[in-house]
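# Residue-level structure breakdown
Now for the letters of each chain:
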Amino acid sequence: MSSLEEPLGLDNMPRLSVIGRLQRCTSTACRPRVDEMEMSNCLIEGRECSSSNSCIEEYGWRRKPRDMFSRDSLIWKTSRNDRNQMIFNKFFRGMPRYVKIVEVGPRDGLQNEKVSVPTAVKVELIQKLASCGLSVIEATSFVSPKWVPQLADAKDVMQGIKDVDGARFPVLTPNLKGFEAAIAAGAKEVAIFASASESFSKSNINCSIEESLTRYHKVVTAAKKLAVPVRGYVSCVVGCPVEGAVPAEKVAYVAKELYDMGCCEISLGDTIGVGTPGTVIPMLEAVMSVIPVDKIAVHFHDTYGQSLSNILVALQMGISVIDSSVAGLGGCPYAKGASGNVATEDVVYMLNGLGIKTNVDLGKLMAVGDFICKHLGRQSGSKTATALSKITADASKI
């Protein structure tokens, strides 16, 4: 990772106590240079000195230049690292050391685009995403072209990526017919999707919640016979474009039904992006009371700019699987006003800053985002990619 891509982490953040002490030192004698080689007691101990004598007489030894390789310096650095670790433990205790990112750009990201993307471009997109280190990439969806024409080439996409190594490529299957088509096309993993909102279920998949669960039970049963893993999605876990707020217990009910029928992982989707930590936390608590936390993933749309804050609280609650979309692509054809998914670049940048491993190369990922955005004729929805691209562009002019 280059220095431009390196987020500001706990180890290189300025200490607020140091900043405060600098502001309190107002006398000439107590205004030391801010470098590690020469720090008077005003900086280190935070004393409000009125003259230089008190600093020299009582703490004169601290005014001597410090050898950066001396024992005192090593102790100082060690104590600083210990303090940062204490801060981390206080605010981020229980967070995972590694997070699996499920890249949904090729499916969820492209299904709502007005511009039709050629099959060859979709295949290249998936190949490039796999080269970034992403281990799970949702490739496409075997739905009726009548409902999602952007993904009508699902079979051809699967043919184009059959030799791509280093990643898994689950596909979305809305029913048994879609599952059979996916298996015939070479799919090794599938996903099914139910809603926690009755109204959205009827508008999205033309059936009630209970009818959808019956339908998916058939899919899971068929998948078990072939030893094909099935992932379950729950949409509208916080809010619905028709019903408004969705009760947490309804989300927990649908999630448990999917888990009990055999889904290996349950992804909880804030389809219209209305969630905040205040609404996401009780929803996650409800689901975690009926499903093991290591079987839960989160899937946030960034309509109101709340995705990263919601992901952070999910991490603090022990969740270690995050869905995201390169360049923030996405939306839902049946959820008016829903913007794109949280950008994978932004998620990786934040996780890097927290010291959480993803095995994803941020530089390569930004290049992939640029690649697909050029084909779509739009700007990236990733704030990280936008900011770092400007920094790189400005640096090249120097």
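Sequence positions are assigned chain by chain, starting from 1 and proceeding in written order. Totals for whole chains, interfaces and linings use every residue, but because this is a predicted model, local features are given only for residues with pLDDT of at least 70 and side-chain atom pairs only at 80 or more, for both listing and counting. Each side-chain value is derived from all of the structure's non-hydrogen atoms; neither hydrogens nor water enter the calculation.

- The name given to the protein in an unreviewed UniProt entry is hydroxymethylglutaryl-CoA lyase, and the organism recorded there is Musa balbisiana.
- Under the UniProt heading Catalytic activity (unreviewed entry), the note attached to the protein is "(3S)-3-hydroxy-3-methylglutaryl-CoA = acetoacetate + acetyl-CoA". UniProt positions are given in the numbering used here, feature names are shortened, and annotations may be inferred rather than shown by experiment.

### Quick notes on the sheet that holds strand 5 (residues 190-195)
- A pair of strands is treated as paired once DSSP finds two or more bridges between them. Think of it this way: any DSSP run of H or I at least four residues long counts as a helix, any run of E at least two long counts as a strand, and we number them from the N terminus. Taken in spatial order, the nine strands of this open sheet run 2-1-11-10-9-6-5-4-3, and their pairing is parallel. Where the open sheet ends on each side, the last strands, each with one partner, are strand 2 (136-137) and strand 3 (140-141).
- In the sheet, strand 3 pairs with strand 4 (residues 171-172) via two bridges, with the strands oriented parallel. Of the residues in strand 4, the one forming a bridge with Ser141 is Leu172.
- Whether two residues are in contact is decided by their heavy atoms: any pair within 4.5 Å suffices. Angles here are taken between N-to-C directions and fall from 0 to 180 degrees, while the axes themselves are lines fitted to C-alpha atoms, restricted in helices to the stretch in contact. Its contacts with the sheet put helix 12 (residues 277-288) on strand 9 (265-270) and strand 10 (296-300), and the angle it makes with strand 10 is roughly 155°.

### Describing helix 9 (residues 198-205)
- When a residue's accessible area, from a 1.4 Å probe over protein chains only, is under 20% of the maximum for its type it is buried; when over 50% it is exposed; and in between it is partly exposed. Residues of helix 9 that are buried include every one of Phe200, Ser201, Asn204 and Ile205, and no others. Relative to the axis of helix 9, the buried residues are bounded by an arc of 105° and lie together on one face.
- Buried residues belonging to helix 9 abut strand 5, helix 10 (209-225), strand 6 (230-235) and strand 7 (239-240).
- Among the residues trailing helix 9, Asn206 stands out with phi positive, at a value near 60°. In this description, one arc is meant: the one made by directions from the helix axis to the C-beta atoms.

### Let's talk about the nonpolar core
- Buried Ala, Val, Leu, Ile, Met, Phe, Trp, Tyr and Cys residues that are joined via side-chain atoms within 4.5 Å together make up what is termed a nonpolar core. Residues Val234, Leu258, Leu268 and Leu315 are the most contacted members of the largest nonpolar core, which totals 107 residues.
- If we ignore the near neighbours within four places in the chain, the residues touching Leu258 are Ile192, Ala194, Leu213, Gly232, Tyr233, Val234, Cys263 and Ile266.

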